[in-house]
Amino acid sequence: MHEIRTALIGVGAVNRSFLEILTRKADRLQRDYGLAFRVVLAADSSGVVRSDAGFDPQQLLLFKRNGGRLQEHPAYVNGALTQLLPETACDLVLEASPVNLKDGEPGLSVTRTALACGMNVVLANKGPLVLAFRELHDLAAQKKVGLAYSATVCGALPVINIGQRDLIAADVTLLRGIFNSTSNFILAEMAQGRSFAEALAEAQRRGIAEADPALDVEGWDTANKLVIIANSILGIATTLQDVQVTGMTTITTAQLQTASAHGRTIKLVATAQRQADGYTLTVEPTSLDQTDFLGSCSGWEMGIEIHSDLYGTLYHKIWEDSPMPTAAAMLRDAVNLFRR
């Protein structure tokens, strides 16, 4: 059995779900994969806790679910996370702090620090990749450690894995997707007559919406994922400045209901269209026939279609109405890193 000494950065909805997985699946992970995850450090916005012996996942989960702040935990240690992490014997960092597109913090500094110290990193936080994709990959290669991030694009839907592993030698001519389940849920609820505010509040209650809901409804979360796809799958160095972004905040209930009456629907769609000199990247509300693959993705569904010269057209979708599948994607990445 291989013990993986693990740090959880951000103990919000995703990493709390990861703790729940460890509580439920520890025996299965040991039996099937020969791996045991020992949480030796955790950090939230209030501070850091550390234990060389490791925390009981269920007890730490209950502490956070009951509203506990890590600054109030008996194992709290004073100091900056980027100073405490290098002092900790750690194999794996699970980074799931809130997305910050201004400077990437705290996720970007944590990721840099962990990789520089020879720690493997699994990301659910898109910010570090959007702001420093090439730098982080170069650092991981230099230090000979893993950097995995399938959870950053459509949660448990293995978009990154499919693109990197299963499209060998393919030229992707068109890629379209609904990458944000929050916006898709809100649009579906509005089409049924629910207000924008009510639908957003429900998404936040379930822990699906980003901490800053503008990332969801103004299209930036979708654009983040398109940037990661462009760099990871399409092989083009891309930043947010390369994506034309229009959010869904101007879409009205009346527009959605009129579209429905004519057999159509409105979705927030990301598109990468191949041109002679590269790709055109857009995120915008798009009118689709209800029988279209993306048009049929409703509620908490996300989906992607990939057109290529070798593999034809691939269609994939997922229903994701809780943070658990995203946490499971982080587990998937971690297991794949360490069982190799």
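Residues numbered from 1 in each chain as written. Predicted model: local features only at pLDDT ≥ 70, side-chain atom pairs only at ≥ 80, totals over all residues. Heavy atoms only, no water.

Caption draft 1: Quick look at the sheet that holds strand β6 (residues 120-123). Here we have seven strands laid out as an open sheet, ordered β4-β3-β2-β1-β5-β6-β7, and mixed in their pairing. The open sheet has two edge strands, β4 (76-77) and β7 (147-148), and neither has a second partner. Pairing of strand β3 (residues 47-50) with β4 involves two bridges; the strand directions are antiparallel. Among the inter-strand pairings, Val49 is bridged to a residue of β4, identified as Tyr76. Contacting β1 (2-9), β2 (35-44) and β5 (92-95), helix α1 (residues 13-33) runs over the sheet at an angle of about 165 degrees to β2. (Pairing = 2+ DSSP bridges. Helix = DSSP H or I, 4+ residues; strand = E, 2+ residues; numbered from the N terminus. Contact = heavy atoms within 4.5 Å. Axes fitted to C-alpha atoms, helices over the stretch in contact; angles between N-to-C directions.)

Caption draft 2: A look at helix α12 (residues 324-338). In a regular helix each residue adds 1.5 Å, so 15 residues correspond to 21 Å; α12 covers 21 Å between its end C-alpha atoms and thus fits that length. In terms of residue burial, α12 counts as a mostly covered element, since eleven of its 15 residues are buried. Its buried side turned inward, α12 meets β1, α1, β2, β5, β6 and β7. (Expected span 1.5 Å × (residues − 1). Buried < 20%, exposed > 50% of the residue type's maximum accessible area, 1.4 Å probe, protein only.)

Caption draft 3: The nonpolar core, seen in detail. Ranked by size, the top nonpolar core spans 58 residues in total, and within it Val93, Leu175, Leu226 and Ile229 carry the most contacts. Broken down by element, the residue count for this core peaks at eight residues, all from helix α10 (residues 220-234). Contacts of Leu226, omitting those with residues within four sequence positions, involve Leu175, Phe179, Val243, Ala270, Thr271, Ala272, Leu281, Thr282 and Val283. Counting 35 residues, the second largest nonpolar core, distinct from the first, contains Val11, Leu60, Ala124 and Ala334. (Core = buried A, V, L, I, M, F, W, Y, C linked by side-chain atoms within 4.5 Å.)

Caption draft 4: Region of the structure containing the packing of helix α7 (residues 181-191) against helix α11 (residues 253-261). Interaxial distance between α7 and α11 falls to 8 Å at its minimum, and their mutual angle equals 75 degrees. It follows that α7 is roughly perpendicular to α11 by the angle criterion. Note on element contacts: α11 touches α7 through Thr253, Leu256 and Gln257, opposite Leu187, Met190 and Ala191. Its residues assigned to classes, the contact of α7 with α11 shows four nonpolar, two polar and no charged. (Parallel < 35°, antiparallel > 145°, perpendicular 65-115°, else oblique. Nonpolar A, V, L, I, M, F, W, Y, C, P; charged D, E, K, R; others polar.)

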